[in-house]
Amino acid sequence: MSDVIDSGTAQARDVDATPSDAPPRPTLEQLKERKARTRQRLETGGDIMTISMGPQHPSTHGVFQMVLDLDGEVIVDLRPEIGNLHRGVEKLCEHRTYHQIIPLTDRLDYNSAFAMNHGFCEAAEKLMGVEVPARARYIRTIAHELSRLANHILWLGVHIMDLGTQTFFVICFRDREYLLDLFEMLTGARLTHSFARIGGVAKDLPDGFEQRCRKVIEFLPKRIAEYERIVKHNRIYYKRAKDVGIFTSEDCYAWRVTGPTLRAAGVARDLRKDEPYAAYDEIDFEVAVEYNADVYDRFLVRMTEMRESCKIIRQCLDGLPDGPYVARDAAHSLPMKRDVLRDSAAMIQDFYQVFRGPQAPKGEVYRAVEVPKGEMGVYIRSEGGAKPARVRFTTPSFYHGQAMPALAVGEMVSDLVAIFASVDVVLGDSDK
Amino acid sequence: MSAARFVQPPRPAGSSTKRDRTAVRAATSLAPTLATAAAKLRRRFGARLLEEEESFGELTFVIAPGDWMRVLAFCKSAPDLGFDQLDCLMGDHLPERADTPFAVLAHLTSHTHAHRLRVKTFLPEGGSLPTVTGLWPSAGFDERETWEMFGVVFQGHPDLRRLLTAEDFEGFPLRKDFPLEGIVGGRVRTELRGKI
Amino acid sequence: MSDPVAQLVFLIVKAVAMPLIIITMVAFAIYFERKFAGFFQARVGPTYLGPWGSLQSFGDVLKLISKEDVIPLRSDKSVFKLAPYIAFVPAFLVMAVLPFGPVGGEPNLFGHRFDYVIANFDAGVVLFLAMGAIAVYGVVLAGWSSNSNYSLLGGLRAGAQMISYELAMGFSAAGVMVMAGSMSLVEIVDGQKGAFWEWYWIPQIVGAIIFFIASIAELNRTPFDMAEAEQELVAGYLTEYSGMRWGMFYLAEYVNMIVVSGIISTLYFGGWRAPFESWNVIPGPIWLFLKICVLIFIYMWIRWTIFRYRYNQLMSVGWKVLLPLSLANLAVTAVVVSVVG
């Protein structure tokens, strides 16, 4: 267990994939030692200044609140507070049919709304035993990766802006527009799409989407290379991000920190590979892994993930199968819209689904998917009928915000904003 | 286009893919590592595991509240189980169970063996459980949320305050008898009108 | 009109005109800052008020004046009100010693001698450094009197930062003083007769770069904008300020930028002199203005491009890199000047 790579045995699949001239990977012990060295341990007591960072603060990405105890500029203690954006999504879910829950999931992580829709639909399909047709799975994969790209580009801009460069934020927003335009074309909405349906997706790909999508994914890797030129080799960024906020794989497990933060700690854990859903088991892609567990490596992981996302979308567009885009499952899914207007059975199905809802069996399921911010689990307990008896969204930001004390105590206030941005917390996601 | 399609939908035309997906979808048999883990749990705790349920490829053990800490600690530390991550700890309310209407569920994940397990316990009104924040610090927010939403107390929790709702909120919103609409729980602060 | 009376009239005209010119320049500096930021960020910047939005700053000032002036209940009110002036006034004072054209010599205006400087002061460089040091008090007092933790942190950062960078700044300016043999800005410009390769920026290239970097820290601009650090300290020492009091700090920042650009032009880039002697037909103030504009553009360019340093990294750059380098620069200059003459 001395080696970080070996500690993630089952998932560490591309250990031998990196070239031999790569810098030596730190072991878990080395990382722990480095973490202890970079953190300043200060005694509580003495001249402690308490600051409430948030809920209204430029770099808490919403209404996250951190109560900081500072000795000079060093954080002695940190207490995260969430809940300012609580909307009672789980309670609302208990009073809605499965179809009606999908728009609620948009509002969890509004930066990657489709991934949230998708996660809920995967769980509901597992409960109902719906088999998703191939075309729908491919469309879902495309939309999921587009939302990952949009999320990571936004993340990059915000992260860099937190380190003081406002121009870069605007550049990232400009490039995110291409993705939002694609979403607008695909779903009709730019932010909250409600595009996934139980058993498939809401609509087929529109005409011209494929060409436009190809253009964007040809163009984005060039942009990603440009971001890396600006950021990766920037001396100030390197000094601000290297060895800051070290969070080893053990810490990640203990605090349930998942996603890019975990992968930056040397664990090749990606539910797209480990518990494949949609079309991910038919697509060839790499899991981005870095080994130094700091802010800089989290940036590198996300950059690689964006490249891989472009690769995944390209493969999906190449291998896009024909067929229906939603399951022909009268008991659980909505029919295709074009059938509704000319086929009486489909019309009956439509009425049935809209007015009564999908009839789920009794039982409980838990399904986790890899959303851009980490692992999102959805627990559904059904007592039969169209409405779930209990839904729980295990959202990544909830735990990432909770882990802030472990991530940032001993660092400086300036580092806190970098670390907080690097674990990617969105308050809609964390407050539910 | 007969009514038969309602009952028995035909297989979708586009479902022929590169690989047979039904194996992934409807996996009812457990992963071998999880079977080993379950056997080990059964050997260790025997009749203390009140119920065992296997559905949708997921394994659930129901235990008594008194065994909560011991079973979870074993799940974390035993090498064949190796549940190093608490994926989610959550509450549930089942009013039809008159004596023990509250359930607390822990979803465990193992990074070493890549398997998942659900441990469940049922509690009476006003029941309490020991905290597992000592095993997995990530349980801190989960337990706070479970307490505020269902009223299940976690003994020994370092900071058991309301998490998502306001400090002066009254009631447990995720209980089934809590209404969905209306001014409930909190209060409208008319006395502060004009002052802030 | 006798000569002393003429000089008095000239002095009053200069003393009135200079602040007005500076304020106008500030207004346009703010406009161009926003316009450049727009261009760097692939957008257009202000467009509505006046041609190409050029009157935007005047509109902003009107808005700031008409805004409610909020003074925090538990602040130290007198200091809170005083702090913007302490930041604002010293910047103007430096303009009094900055030569913007030839000084002394033959009568050149209506039979009288018009000096292109308000006060030919012997220790102009020292006055500049002293006024910079006083301006720090404005920031520190603003941070302290606001009775807000963010303001306090911002004020502390500003104090520590400016003290450490002032040293490097002073030592690199001392190199120029040694070369010119004077602390008067007028004589420093006189020492840089000739074309641009005879100015002090070639022998004092190290000093010039250090002075420029330190001036960014003095001006609180990215990458050294620790005191405001929007993403960390909300707005640093400005957090509790609003309306025109905030506007005073904002204007002071730009006045400082113009003044520091003028000082850098004077110390290292020949002041009001043209880059070639034959180009001296164009009057000195225009050359000085152009040099100030170029330097301001560079400040803006840096601000909208580079990341912010962390506080402790900033201090270590100041104390471990800039200060020893400026000392070495001063020593080498002193040795060379005393040996060569």
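Scroll up a little and you will see the structure.
Below, the structure is looked at part by part.

Rules behind the numbers
Residues numbered from 1 in each chain as written. Chains lettered and ligands numbered in written order. Predicted model: local features only at pLDDT ≥ 70, side-chain atom pairs only at ≥ 80, totals over all residues. Heavy atoms only, no water. Helix = DSSP H or I, 4+ residues; strand = E, 2+ residues; numbered from the N terminus. Buried < 20%, exposed > 50% of the residue type's maximum accessible area, 1.4 Å probe, protein only. Pairing = 2+ DSSP bridges. Axes fitted to C-alpha atoms, helices over the stretch in contact; angles between N-to-C directions. Contact = heavy atoms within 4.5 Å. Salt bridge = Lys/Arg side-chain N within 4 Å of Asp/Glu carboxyl O. Polar contact = N/O pair within 3.5 Å; in protein donor to acceptor, adjacent residues only side chain to side chain. Patch = residues over 30% accessible without salt bridge, like charges linked within 9 Å, V, L, I, M, F, W, Y side chains within 5 Å. Areas by Shrake-Rupley, 256 points an atom, 1.4 Å probe, with all protein chains shown as cover. Parallel < 35°, antiparallel > 145°, perpendicular 65-115°, else oblique. Left-handed = near helix turned anticlockwise from the far one by under 90°. Nonpolar A, V, L, I, M, F, W, Y, C, P; charged D, E, K, R; others polar. 1 Å grid on protein atoms, 1.4 Å probe; cavity = no way out; pocket = protein on both sides within 12 Å on 5 of 7 lines; lining within 4 Å. Points joined across faces, edges and corners; volume = space filled by probe spheres on them. Expected span 1.5 Å × (residues − 1). Phe/Tyr/Trp six-rings, centres within 6.5 Å; stacked < 30°, edge-to-face > 60°. Lys NZ or Arg CZ within 6 Å of the ring centre and 35° of its normal.

### Some remarks on the overall build of chain C
Alright, step 1. Across its full length, chain C holds 11 helices and 0 strands.
Alright, step 2. Starting at the N terminus and walking to the C terminus, you meet the elements of chain C as α-α-α-α-α-α-α-α-α-α-α.
Alright, step 3. Dimensions along the principal axes, computed over C-alpha positions, put chain C at roughly 60 × 50 × 45 Å.
Alright, step 4. Classification of the 341 residues of chain C by burial places 53% in the buried group.

### Description of unusual backbone geometry
Negative phi characterises most residues that are not glycine, and trans characterises most peptide bonds.
Alright, step 1. Located in the positive-phi region is Asp424(A), a residue other than glycine, with phi close to 60 degrees.
Alright, step 2. As for its placement among the helices and strands, Asp424(A) is situated in the loop between α18 (413-422) and α19 (427-431).
Alright, step 3. Of note in this structure, Ala42(C) is not a glycine but carries a positive phi near 60 degrees.
Alright, step 4. Note on placement: Ala42(C) falls in the loop between α1 (3-40) and α2 (56-66).

### Observations concerning the sheet that holds strand β1 (residues 49-55) of chain B
All names here are of chain B.
Alright, step 1. Overall, mixed pairing links the 5 strands, which are arranged β1-β2-β5-β4-β3 in an open sheet. Each edge of the open sheet is held by one strand with a lone partner, namely β1 and β3 (85-93). Here the strands of the sheet are splayed against their neighbours by 20 degrees on average, with no regard to which way each runs.
Alright, step 2. Two strands pair when backbone bridges link them, and strand β4 (residues 102-110) and strand β5 (residues 115-123) are joined in this way by 9 bridges, in the antiparallel orientation.

### Description of the interface of chain A and chain C
Alright, step 1. Across the boundary between the two partners, chain A contributes 35 residues, which contact 26 residues of chain C.
Alright, step 2. The tally of links from chain A across to chain C stands at 2 salt bridges.
Alright, step 3. Residue Asp415(A) pairs with Arg310(C) through a salt bridge whose shortest N-O separation is 2.9 Å.
Alright, step 4. Where chain A meets chain C, there are 13 residue pairs in polar contact (both at pLDDT 80 or more).

### Considerations on the pattern of salt bridges
Residues and elements named next belong to chain A.
Alright, step 1. By the definition in use, this model includes 64 salt bridges over all chains.
Alright, step 2. We note a salt bridge from Glu90 to Arg390, for which the minimum N-O separation is 3.3 Å. Of this pair, Glu90 sits in helix α3 (residues 89-93) while Arg390 sits in strand β8 (residues 390-394), and the two are 300 residues apart along the sequence. Each of the two residues, Glu90 as well as Arg390, counts as buried.

### Quick notes on a nonpolar patch on the surface
All names here are of chain C.
Alright, step 1. Together, Leu8, Leu11, Ile12, Val16 and Leu20 line one region of the surface with nonpolar side chains, adding up to about 460 Å² of accessible area.
Alright, step 2. Here Val16 shows up in helix α1.
Alright, step 3. The exposure class assigned to Val16 is partly exposed, which follows from its relative accessible area of 47%.

### Observations regarding the sheet that holds strand β7 (residues 374-385) of chain A
Residue and element names in this part refer to chain A.
Alright, step 1. With respect to topology, 3 strands assemble into an open sheet ordered β6-β7-β8, the strand pairing being antiparallel. The open sheet has two edge strands, β6 (360-371) and β8, and neither has a second partner. Across this sheet, the average inter-strand angle for adjacent strands is 5 degrees, counted without regard to direction.
Alright, step 2. Bridge count between β7 and β8: 5 bridges; the pairing is antiparallel. The residue bridging Ile380 from the neighbouring strand is Val391, located in β8.
Alright, step 3. Here helix α4 (residues 98-106) sits on the sheet and contacts β6, β7 and β8; the angle it forms with β7, its principal contact strand, is near 155 degrees.

### A short note on the packing of helix α3 (residues 77-95) of chain C against helix α9 (residues 243-268) of chain C
Residues and elements named next belong to chain C.
Alright, step 1. One can describe the packing of α3 onto α9 by two numbers: an axis separation of 9 Å at closest approach and a directional angle of 20 degrees. With respect to α9, the element α3 is oriented roughly parallel. Once α3 is placed against α9, the crossing between them reads as left-handed. Between α3 and α9, the contacting residues are Phe80, Lys81, Ala83, Pro84, Tyr85, Ala87, Phe88, Ala91, Phe92, Val94 and Met95 on the first element and Arg245, Met248, Phe249, Leu251, Ala252, Val255, Asn256, Val259 and Ile263 on the second.
Alright, step 2. Among the residues making up the contact of α3 with α9, the classes are represented as 17 nonpolar, 1 polar and 2 charged.

### Points about the layout of surface pockets
It is a probe the size of a water molecule, rolled over the atoms, that shows where empty space is left.
Residues and elements named next belong to chain C.
Alright, step 1. Put simply, the second largest pocket is a space of about 870 Å³.
Alright, step 2. Elements with a contribution of two residues or more to the lining of the second largest pocket: α1, α2, α8 (230-233) and α9.
Alright, step 3. Per-element tally for the lining of the second largest pocket: the top contributor is α1, with 8 residues.
Alright, step 4. Of the residues assigned to the lining of the second largest pocket, the class counts are 18 nonpolar, 9 polar and 12 charged.

### Overview of the interface of chain A and chain B
Frequently, the measure chosen for interface size is the accessible area removed from exposure when the parts meet.
Alright, step 1. Taken together, the contact pairs 65 residues of chain A with 65 residues of chain B.
Alright, step 2. At the junction of chain A with chain B, the criterion picks out 11 salt bridges.
Alright, step 3. In this structure, Lys432(A) engages Glu145(B) in a salt bridge whose closest nitrogen and oxygen atoms are separated by 3.3 Å.
Alright, step 4. Taken together, the connections running from chain A to chain B amount to 22 residue pairs in polar contact (both at pLDDT 80 or more).
Alright, step 5. Sorting elements by how many residues they give to the side of chain A that touches chain B places β6(A) first, with 5 residues.
Alright, step 6. Considering only residue class, the side of chain A that touches chain B consists of 27 nonpolar, 13 polar and 25 charged.

### Brief notes about empty space enclosed by the protein
Residues and elements named next belong to chain C.
Alright, step 1. Tallying each qualifying case throughout the model produces 5 cavities of 30 Å³ or more.
Alright, step 2. Size it by volume and the largest cavity reaches roughly 280 Å³.
Alright, step 3. Lining the largest cavity are 21 residues, and of these Ala135, Met162, Glu218, Leu219 and Asn256 lie nearest its centre.
Alright, step 4. The set of elements that each furnish at least two residues to the lining of the largest cavity consists of α3, α4 (124-145), α5 (149-180), α7 (205-219) and α9.
Alright, step 5. Of all the elements, α9 adds the most residues to the lining of the largest cavity, at 6 residues.
Alright, step 6. Its residues placed into classes, the lining of the largest cavity shows 16 nonpolar, 3 polar and 2 charged.

### Looking at the environment of Thr24(C)
All names here are of chain C.
Alright, step 1. Turning to its location among the elements, Thr24 is positioned in helix α1.
Alright, step 2. In this structure the C-alpha to C-alpha distance between Thr24 and Phe58, which are 34 residues apart in sequence, comes to 9.3 Å.
Alright, step 3. A distance of 2.6 Å separates a polar side-chain atom of Thr24 from the backbone oxygen of Leu20.

### Here's the deal with α5(C)
Alright, step 1. Between the first and last C-alpha of α5(C) there are 46 Å, a value that for 32 residues agrees with the 46 Å anticipated at 1.5 Å per step.
Alright, step 2. One or two residues past the end of α5(C) sits Gly181(C), with phi positive at roughly 70 degrees.

### Points about the side chain of Arg221(C)
Alright, step 1. Secondary-structure assignment places Arg221(C) in the loop between α7 and α8.
Alright, step 2. Arg221(C) has contacts with Glu33(C), Ile216(C), Glu253(C), Tyr254(C), Met257(C), Tyr299(C), Met300(C) and Arg303(C), leaving out every residue within four places of it along the chain.

### Quick notes on the arrangement of the chains
Alright, step 1. A comparison of contact numbers over the 2 pairs of chains in contact places chains A and B at the top.
Alright, step 2. The least C-alpha distance between chain B and chain C, which are not in contact, is 14 Å.

### Looking at the packing of aromatic side chains
Alright, step 1. All told, the structure shown has 36 aromatic pairs over all chains when counted by the stated rule.
Alright, step 2. Ring centres of Phe297(C) and Trp301(C) lie 5.7 Å apart, and the angle between their planes is 35 degrees; this geometry places the pair in the tilted category. Placement of the pair is Phe297(C) and Trp301(C) together in helix α10 (residues 284-303), with a separation of 4 residues, close to one helical turn.
Alright, step 3. Since its relative accessible area comes to 46%, Trp301(C) is described here as partly exposed.
Alright, step 4. The structure contains a cluster of three or more aromatic residues connected by ring pairs, namely Tyr31(C), Phe32(C), Phe36(C), Phe40(C), Phe297(C) and Trp301(C).
Alright, step 5. Looking at Arg302(A), its charged tip hangs above the ring of Trp155(A), at a distance of 4.2 Å from the centre.
Alright, step 6. For Arg44(B), the ring lying beneath its charged end belongs to Phe74(B), and the centroid distance is 5.4 Å.

### Structural notes on the environment of Asp251(A)
Alright, step 1. Inspection of the secondary structure assignment puts Asp251(A) in helix α10 (residues 249-255).
Alright, step 2. For the pair Asp251(A) and Asp69(A), spaced 182 residues apart in the sequence, the C-alpha separation amounts to 22 Å.

### Observations concerning the side chain of Thr133(B)
Residues and elements named next belong to chain B.
Alright, step 1. With respect to the helices, strands and loops of the structure, Thr133 is situated in the loop between β6 (128-130) and α5 (139-150).
Alright, step 2. In terms of polar contacts, Thr133 uses its side chain to reach the side chain of Thr131, at 2.9 Å.
Alright, step 3. With near-sequence residues (within four places) excluded, Thr133 lies in contact with Ala139, Gly140, Glu143, His157 and Pro158.

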